Amino acid sequence: MLIKRAQHILLRGEDIAASEITPRAVFEQRRRLLAAAGMAPIAAAGGLLGLPRLALATYASPDARAAKLAANTNAKFVVPEKVTSYKDVTTYNNFYEFGTDKADPSRNAGTLRPHPWRVSVEGEIKNPKVYDIDELLKLAPLEERVYRHRCVEGWSIVVPWIGFPLAELIKRVQPTGNAKFVQFITLADASQMPGIADPILDWPYSEGLRLDEAMNPLALLTVGLYGQVLPNQNGAPVRMVLPWKYGFKSAKSIVKIRFVDKQPPTSWNTYAPNEYGFYSNVNPNVDHPRWSQATERRIGEDGFFTPKRKTLMFNGYGNLVASMYQGMDLRKYF
Ligand code: MTE
């Protein structure tokens, strides 16, 4: 994403050769479980409202050392596409607090200490509270959801995340009438995060949403993936996942959730306001100033002749989110 001195990063990202070994095993395990439950066609069809939930998070943890995390799959939010390999999802990352190369977070994030961890929920709410991560994990039932995830750089992945809707937390803290936006502030501790020494971004990494976006059922407060707790490089112990927006909106390793009356400053928008808008909804019709957003490369589909995929409006989630932007000029509010 970086322009100026780190522009090469984006270009270099295109030549990663993705391994397919773990993913296939995970995916086939998933299919076996679905078939055993007699539900394969339903999950393959993307899930339908009102169907019984499936416990799928029983598949073997792809990382034998990682703690498992039990969650029921919410079939309404299972995208009918092949899940990206665990290896790719955990080794091809953006987490600049650990370096700007895609391989840096998995190499360097071992120094992050995700436990104990506290998240302060504050600002324009009736019930401000500092949540211990263990308490936060128990706030609402954990769900597994398989979402498409589209990075502004032009690549995409399909990931079985585990978490619960941010709306569950918002309901408990009760925003006041002044709360119009939600800001996410993430950890900026140089002793745990070597990348902080580099003032690429204005640390701490900060992101934001309008309150109605934060309440949208898709907005997932996320604590795990592939049946296990979030690896450090993916934003342990808690991050957002907002599948209708470009990936940089999904702040990792959150320490503060603040309810505010004005649109909050956000890291990438502050860095390059003409390139990274506050909304950053996935939109194939509005190009980034330096590249097209019409197509994307699915990580793991790296064959020389593999065509790029067409990027979908709102990343394919328009039925759940388009109404929030009705009447807005999406070129202006990009
Ligand atoms: N959160 C923090 N704190 N720091 C970051 O550098 N990068 C963002 C987002 N959240 C980032 C972050 C970007 S650019 C993307 S694409 C996603 O995290 C990547 O998430 P993933 O590595 O789990 O795929």
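Residues numbered from 1 in each chain as written. Predicted model: local features only at pLDDT ≥ 70, side-chain atom pairs only at ≥ 80, totals over all residues. Heavy atoms only, no water.

Could you clarify how one ought to interpret the overall build of the chain in this entry?
Counting its secondary structure elements, the chain contains ten helices and 14 strands. Classification of the 334 residues of the chain by burial places 57% in the buried group. For the chain, restricting intrachain contacts to residue pairs at least 6 apart in sequence, the fraction spanning at least 24 positions comes to 73%. Summing over all exposed atoms, the chain offers an accessible surface of approximately 14,100 Å²; the carbon and sulfur share of this is 56%. (Helix = DSSP H or I, 4+ residues; strand = E, 2+ residues; numbered from the N terminus. Buried < 20%, exposed > 50% of the residue type's maximum accessible area, 1.4 Å probe, protein only. Contact = heavy atoms within 4.5 Å. Areas by Shrake-Rupley, 256 points an atom, 1.4 Å probe, with all protein chains shown as cover.)

Looking at this structure, how should I read the pairing of strand 4 (residues 129–132)?
If a strand is regular, its side chains alternate between the two faces of the sheet. Of the strand pairs in this sheet, strand 3 (residues 118–123) and strand 4 are connected by four bridges, and their pairing is antiparallel. Along strand 4, the bridge assignment pairs V121 with K129. Remark: five residues form the turn of the hairpin made by strand 3 and strand 4, two consecutive strands paired antiparallel. (Pairing = 2+ DSSP bridges.)

Whenever I open this one, the pattern of salt bridges confuses me. Can you help?
Side chains that differ in charge, positive against negative, can pair when their charged atoms come close. By the definition in use, this model includes 20 salt bridges. For E122, the salt bridge identified is with R258, shortest N-O distance 3.2 Å. Linking E122 in strand 3 with R258 in strand 12 (residues 254–260), this pair joins segments that are 136 residues apart in sequence. According to the relative accessible area criterion, R258 is partly exposed, its value standing at 27%. For the salt bridge of K262 with D261, the shortest nitrogen-to-oxygen distance reads 3.6 Å. Here K262 falls in the exposed class, since its relative accessible area comes to 58%. (Salt bridge = Lys/Arg side-chain N within 4 Å of Asp/Glu carboxyl O.)

How should I be thinking about the site of the ligand in this particular structure?
The environment of the ligand is made up of 18 residues, and the closest members are N93, Y96, E97, R239 and K252. Contact distances for the ligand include 3.3 Å between a nitrogen atom and a side-chain N or O atom of T186. Between the ligand and the protein, one listed contact pairs an oxygen atom with a side-chain N or O atom of R239 at 2.6 Å. Contact with the protein chains covers 99% of the free accessible surface of the ligand, which is 530 Å². Of the residues belonging to the shell around the ligand, the class tally is eight nonpolar, seven polar and three charged. (Near = heavy atom within 4 Å. Polar contact = N/O pair within 3.5 Å; in protein donor to acceptor, adjacent residues only side chain to side chain. Nonpolar A, V, L, I, M, F, W, Y, C, P; charged D, E, K, R; others polar.)

In this structure, what is going on with the pairing of strand 12? I would like to understand it.
Of the strand pairs in this sheet, strand 3 and strand 12 are connected by four bridges, and their pairing is parallel. Across the sheet, the residue bridging to E122 is R258, located in strand 12. Pairing of strand 7 (residues 181–186) with strand 12, which is carried by six bridges, proceeds in the antiparallel orientation. Paired with T186 across the two strands is I254, which belongs to strand 12.

Explanation requested: the confidence of the model for the chain in the structure shown.
Detailed conclusions should not be drawn from predicted coordinates in areas where pLDDT is low. Across the chain, the average pLDDT comes to 86, with 82% of residues at or above 70. Note on residues 4–60: pLDDT under 50 across the span, and 98 contacts to partners over four residues away in sequence or across chains. (pLDDT = per-residue confidence, 0-100.)

Which parts of the structure should I look at to understand unusual backbone geometry?
Among all residues save glycine, negative phi is the norm, and among peptide bonds the norm is trans. Cis geometry is found at the peptide bond from H115 to P116, where omega equals -5 degrees. Secondary-structure assignment places P116 in the loop between helix 5 (104–108) and strand 3. Positive phi, close to 45 degrees, is recorded for Y226, a residue that is not glycine. By the element assignment, Y226 lies in the loop between strand 9 (220–225) and strand 10 (228–229). At S253, a position not held by glycine, the phi torsion is positive, near 50 degrees. Relative to the elements of secondary structure, S253 occurs in the loop between strand 11 (239–241) and strand 12. Residue classification places S253 among the buried residues on the basis of a relative accessible area of 0%.

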